Amino acid sequence: MQSVEQEKTTLHDPDEVLKHSPFHEQVEKHCRLRNWMSWNGYLTARVYDTLASEYFAIRSSCSVMDLTPMEKYRITGPDALKFLNRLVVRDVSKLKPLRVTYVAWCNDEGKVLDDGTIFHLEEGEYRLCSQHHQLDWLLMSSLGMDVTIVEETHDVAALAVQGPTSYSVLCAAGINGLDKLKLFGILHTELNGFKVMVSRTGYTGDLGYELWTEPVNGLDLWDVIFSVKDSGLYDVRAIGLAALEMVRIEAGFIMPGDDFNTAETAIRAGHDRSPFEIGLGWVINFDKPHFTGKKALQEEKGRSIKRRLVKLLVEGNKPPVDSFLYDKKKGQRVGTIKSQIWSPILKANLTLADIEYHKGKPPAEIWAEIYYQKELEWQVTWARCRISKDPFWSHPRRSVTPPERF
Amino acid sequence: MTNSISKPIIIVGGGHNGLVSATYLAKAGHKVKVLEAREVVGGAASTTSFAEGYRVSGVAHILYTLNPKICRDLQLESMGLDPGTSIDTIALGQDGNHLTLGRNAVNGVDLSQKDISAYTDFKKEFRSYAKALTPLIMNKPPRLKDMDRRDLSTLAQLGWKLRFGLGANSMREFLRVGGINIYDVLNEVFDDPRLKGAIAADAVLGHHMGPRTPTTVLTYLYRLWGEIHGAQSLPTGGMGEISETLAKAAIKAGVTIETGAKVKRIVVDEGKVSAVELETGELIEASIVISNADAKTTFLDLVGAEELDAMFCHRIDTSRSKGNTAKLHLALNSLPKFAGLSGSQLAQRLIIAPNMRYVEHAFNHAKYGEYSEQPVLEIVIPTIDDPELAPEGHHVMSISASFAPYSLKQGWENHRDRFANKIVDLIEGYASGFSDIIVARELLTPPDIEAQYNISGGHWHHGELTIDQSFMMRPVHGAAQYDTPISGLFLCGATAHPGGGVTGIPGHNSAKRILAMGAGK
Ligand SMILES: Cc1cc2nc3c(=O)[nH]c(=O)nc-3n(C[C@H](O)[C@H](O)[C@H](O)COP(=O)(O)OP(=O)(O)OC[C@H]3O[C@@H](n4cnc5c(N)ncnc54)[C@H](O)[C@@H]3O)c2cc1C
């Protein structure tokens, strides 16, 4: 009996199996649906209130999302740049201070381990953000380099403030200097006496910012942004991961682990993916010093592509959840749908799909076999699909500087 | 390969394997330059002076036969190759009753008839296993995926040798013992503890292994492989003479050898070697670079991690390459008197490993970063047949002592003398008055071997010879066919397949591989 008692005190609190972010007090207050999920071990709202209103906050007003759980690493030291440039497929030496770039990195075989962003915080100081936990790979990659790698996932509080009115809201909140902040730029500023870093980055394909500060200032930051609502001019709404999932598919952003197996998790041969195969060939820069996977990728470049993750538009309005894809109705199987949403703004079935290529070319026709329920009965239908070269949604205001005020 | 006329093939390291590789390539018409960091060639196969007037084989002291094919190909006999006097192994008994282990026969006064005949059968059987492995040893290890014709032929020959060379019964037995430990096998075959102790010592010497460690049968077979061609011997003039002969053959074939030339960096350009940079800053362009250095030195120090993929570097970094054997060199003012050993017996290879428990206990210490309280010793007195190595009437004794871990828990600084004293005391127990005749001594721990011979970890084989670091995984997967992830960079030393010992085989195999690749095969 006694030992059981003791265990209770030494084991973690079951109510806190999932970590609380610095914004938790507010997140909990806003999350009326109690629709929670885990994101990197943090208690995270999937939907706060109604998915539709959260989605439209991103697309037509101003949304706020707790970004804290995203994996973050601080990379410093004399070899920081050398380290990053050997780690990722993109040329980081071109990344100027106060700029951000999208990157991906591979294992020796040139298969993608993860993607993320590198923030050049100030001369020689970098932050790497990733989808998945990467500390062991980063440390392994640091062999022989004079570099310090510190995980700072839990030491930085971050909010994504996105949507057409995000610029106006942040200006009204008292953040100065945003008028000059370009897409992928970084601004170090102060707000109510504490330091905030603002980057013009996001996952929505639209105008938006990400705000970074010390955890102790988290709730203050939240309050300052939400207090803009009091003027009665702007709506500001907390959004969960479900709404984000919709807009990221519209924007054509892929999700490692959902849209393709990362090399670390792929078990069977051929189930991992190269950057070319997930549409990230454009990120690779072969004209830079050696990076992990370079040799394998150079060899792959000479061969014609066998499969590719594509943005696929599916006709009709039946949801092609996990649908198999064929070269014609009841034809040969040519692929699978990985992620899909119904886009309220485009009124279309948008998906990301893994498609087999033949002689470097996609099938001439692609058909989705869709199972759906009608009054509790399963039905099957076929829908024609089209590959989209461009993101389904990308608004010009994403990159206009200064952004338009509302 | 490209441009053999202007830019030479550079070999980093003039160890015996570097010299063998160089000679084969020069004979095939290539311009070859060997750059050796030390003042003499030979690396761990060289002769050194450790006290005024006393010379000894610096590291390797017993020749388990240089490969005969290499001797023929490189016409080493006409260069004056002198393997020296053949020697037997004597297992010292604590009571002065010793056993003499020959190639085929064992004898000793109190040895049972059963053990005597079992020994002959055992040696015959195990030599046939070792012989069956010849195709594997003398070729690049076959890849498991994407085999080329050479790999298929190696595997076919290996299969043929195992099945038809050995016969069905022997093959079955070989497959049974191949994966188990020498401890179990010897207990099945023999009774006499000294006999088992001496053979077990052969299986573990130079490795981080005890007799009960799995796959010690394979390390024993590797050791035995030299015996299929001839006897072990003490080369006249020390092991350095073997290397000097190889250097002569190399020079005759047109190789240029530079000593005192330490390579600081192997220069890589766009994933391809272009040159080497010496410590002096001098840059020497190269068409191909072949490294005789160990894998860690080659990839992590000379090439540098930034030119290589991360996982590959990690594999190199975590490969086990910490040495476990020390060398003790003693200058003696007269011959020691071992109880029960005649004068001619004293000139043989003396083993102190009285039983298998002793060997296992010696190893136990190494597991915990300690040196053996009672080490396993391999002792030779080369001056009995080769008096030139010491002042008149004096002698040198050369001892390989196991186990002496590279990373000693307490650090070697204050323990070097203590360990040397332990060895001397141990011998004193077999040869009373021994300590009084010692006039000078030198102990080389694995860190000393690392520093003096440029072998990272100071390991006998430039890296443990375990299954996971052998064959197509030696030194690691990704560099196991002598070529490496860097185009134009090759390995030719003990770090590569099949491993260490003064055999010349990695040197031979690497040259064959390079020539085959150049010919587009
Ligand atoms: C304690 C001990 C006892 C042993 N006893 C025996 C024995 O009795 N019999 C036996 O057969 N084997 C023995 N061995 C094993 C044997 O000595 C080695 O396996 C063998 O000598 C390795 O030969 P190698 O040519 O491959 O490498 P090495 O002999 O190590 O040659 C490598 C050469 O490269 C040079 N080099 C390295 N880095 C550079 C650089 N940056 N620039 C220029 N040059 C460089 C080194 O100086 C060295 O000369 C023993 C080993 C040890 C450690």
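Basis of the calculations
Residues numbered from 1 in each chain as written. Chains lettered and ligands numbered in written order. Predicted model: local features only at pLDDT ≥ 70, side-chain atom pairs only at ≥ 80, totals over all residues. Heavy atoms only, no water. Helix = DSSP H or I, 4+ residues; strand = E, 2+ residues; numbered from the N terminus. Rg over C-alpha atoms; globule rule 2.2 N^0.38 Å. Buried < 20%, exposed > 50% of the residue type's maximum accessible area, 1.4 Å probe, protein only. Expected span 1.5 Å × (residues − 1). Contact = heavy atoms within 4.5 Å. Pairing = 2+ DSSP bridges. Axes fitted to C-alpha atoms, helices over the stretch in contact; angles between N-to-C directions. Domains from an automatic or database assignment. Buried area = accessible area lost by both parts, 1.4 Å probe. Salt bridge = Lys/Arg side-chain N within 4 Å of Asp/Glu carboxyl O. Nonpolar A, V, L, I, M, F, W, Y, C, P; charged D, E, K, R; others polar. Polar contact = N/O pair within 3.5 Å; in protein donor to acceptor, adjacent residues only side chain to side chain.

Draft legend 1. Region of interest: the overall build of chain A. Counting its secondary structure elements, chain A contains nine helices and 19 strands. Taken over C-alpha atoms, the radius of gyration comes to 22 Å for chain A, in line with the 22 Å a tight globule of 406 residues would show. In terms of its C-alpha atoms, chain A occupies a principal-axis envelope of roughly 65 × 65 × 60 Å. The burial tally for chain A puts 53% of its 406 residues in the buried class.

Draft legend 2. Fine view of helix 17 (residues 505–518) of chain B. All names here are of chain B. The end-to-end C-alpha distance of helix 17 is 20 Å, a good match for the 20 Å that 14 residues give at a rise of 1.5 Å each. Restricting attention to buried positions, one finds in helix 17 the residues Ile-505, Pro-506, Gly-507, His-508, Asn-509, Ser-510, Ala-511, Arg-513 and Ile-514. Buried residues in helix 17 make contact with helix 1 (16–27), helix 2 (68–73), helix 4 (134–137), helix 9 (216–225), strand 14 (288–291) and strand 20 (489–491).

Draft legend 3. Quick peek at the sheet that holds strand 11 (residues 263–269) of chain B. All names here are of chain B. As summarised here, the arrangement of the three strands in space is 11-12-13, forming an open sheet in which the pairing is antiparallel. Two strands lie at the open edges of the sheet, namely strand 11 and strand 13 (283–285), each paired on one side alone. Taken over all neighbouring pairs, the strand axes of this sheet differ in orientation by 30° on average, direction set aside. Looking at chain direction, strand 11 and strand 12 (residues 272–278) are connected through six bridges and run antiparallel. Bridged to Arg-265 within strand 12 is Glu-277.

Draft legend 4. Seen up close, the domain arrangement of chain A. Considered domain by domain, chain A is made up of domain 1 (4–68 + 156–239) and domain 2 (304–388). Here the C-alpha centroids of domain 1 of chain A and domain 2 of chain A sit 34 Å apart.

Draft legend 5. Structural context of unusual backbone geometry. A cis amide bond links Thr-401 of chain A to the next residue, Pro-402 of chain A, at an omega of -10°. Among the secondary structure elements, Pro-402 of chain A is positioned in the segment after strand 19 (377–388). With an omega dihedral of 0°, the bond running from His-497 of chain B to Pro-498 of chain B counts as a cis peptide bond. Positive phi, normally seen in glycine, also occurs at Asn-40 of chain A, with a value near 50°. Checked against the element boundaries, Asn-40 of chain A lands in the loop between strand 1 (35–39) and strand 2 (42–47). The class for Asn-40 of chain A is partly exposed, based on a relative accessible area of 32%. Even without glycine at this site, His-462 of chain B takes up a positive phi of about 55°.

Draft legend 6. Seen up close, the sheet that holds strand 10 (residues 186–191) of chain A. Residues and elements named next belong to chain A. Across the sheet, six strands lie side by side as 10-11-12-9-3-13; this open sheet has mixed pairing. Each of the sheet's edge strands pairs with one partner strand only, and the pair in question is strand 10 and strand 13 (236–238). Here the average twist between neighbouring strands, direction ignored, is 25°. Of the strand pairs in this sheet, strand 9 (residues 157–162) and strand 12 (residues 208–213) are connected by six bridges, and their pairing is antiparallel. Looking at the pairing, Ala-160 lines up with Glu-210 of strand 12. The strands that helix 3 (residues 51–60) touches are strand 3 (62–66), strand 9 and strand 13; relative to strand 13, the one it contacts most, it runs at about 130°.

Draft legend 7. How the structure looks around the interface of chain A and chain B. Tallying the contact residues gives 14 residues for chain A and 14 residues for chain B. Across the chain A to chain B interface the summed buried area is about 1300 Å²; carbon plus sulfur atoms make up 51%. At the surface where chain A touches chain B, the tally comes to one salt bridge. For Glu-306 of chain B, the salt bridge goes to Lys-82 of chain A, with nearest N and O atoms at 3.3 Å. Looking at the side of chain A that touches chain B residue by residue, the classes come out as five nonpolar, four polar and five charged.

Draft legend 8. Seen up close, the domain arrangement of chain B. Residue and element names in this part refer to chain B. Along its sequence, chain B is carved into domain 1 (9–41 + 238–320 + 464–517) and domain 2 (122–228). Using C-alpha coordinates to define each centre, domain 1 is positioned 27 Å away from domain 2. Summed over both sides, the interface between domain 1 and domain 2 buries roughly 1600 Å², with carbon and sulfur atoms accounting for 65% of that surface. Contact with domain 2 buries area across many residues of domain 1, yet Leu-465, Met-472 and Gln-481 alone supply 30% of it, more than any other trio. Remark: the boundary between domain 1 and domain 2 carries one salt bridge. Where domain 1 touches domain 2, the interface holds nine residue pairs in polar contact (both at pLDDT 80 or more).

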